[in-house]
Amino acid sequence: MTLNAAATRPLTTLRTQVDNDARCFFLERENAYLTQNNAKLRLQLKDLEGSAVAWIRLYEAALERANAASAECDRLRAAAASAR
């Protein structure tokens, strides 16, 4: 038994081939855009993560100073109360 090559492959018209070529073109262009956008967003994320770490350190330092100032105020109030 021999197979007819025309019978085993799907029939595609020229219009279908053009539509597929156009679809491939648009998908490749979209993929290139998304790849570029993803790289840009990754750089922005890295920058934001670095900024977040810096702000957290600044906040922790300010909180430590505020706690030290509060402790000093408590100490001075206790010293003033005992001096009366």
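Residues numbered from 1 in each chain as written. Predicted model: local features only at pLDDT ≥ 70, side-chain atom pairs only at ≥ 80, totals over all residues. Heavy atoms only, no water.

(A) Focus on the overall build of the protein chain. Summing up its helical and strand segments, the protein chain has two helices and zero strands in all. A total of 84 residues make up the protein chain; the buried ones form 0% of that total. Roughly 8,100 Å² of accessible area belongs to the protein chain as shown, and the carbon and sulfur atoms make up 60% of that amount. (Helix = DSSP H or I, 4+ residues; strand = E, 2+ residues; numbered from the N terminus. Buried < 20%, exposed > 50% of the residue type's maximum accessible area, 1.4 Å probe, protein only. Areas by Shrake-Rupley, 256 points an atom, 1.4 Å probe, with all protein chains shown as cover.)

(B) Spatial organisation of the pattern of salt bridges. One pass over the full model with this rule turns up two salt bridges. Of the charged contacts in the structure, one is a salt bridge between R77 and D74, with a shortest N-O distance of 3.4 Å. Taken as a pair, R77 and D74 lie in helix α2 (residues 14-83) at a separation of three residues, close to a single helical turn. (Salt bridge = Lys/Arg side-chain N within 4 Å of Asp/Glu carboxyl O.)

(C) Just the packing of aromatic side chains, in detail. Counting across every chain of the model gives one aromatic pair. Taken together, a centroid distance of 5.5 Å and an interplanar angle of 65° make the contact between F25 and F26 edge-to-face. Of the residues examined, F25 reaches a relative accessible area of 48% and is grouped as partly exposed. (Phe/Tyr/Trp six-rings, centres within 6.5 Å; stacked < 30°, edge-to-face > 60°.)

(D) Fine view of the environment of E72. Position of E72 relative to the elements: it lies in helix α2. Given the relative accessible area of 34%, E72 is considered partly exposed. A polar atom in the side chain of E72 sits 2.6 Å from the side chain of R75. (Polar contact = N/O pair within 3.5 Å; in protein donor to acceptor, adjacent residues only side chain to side chain.)

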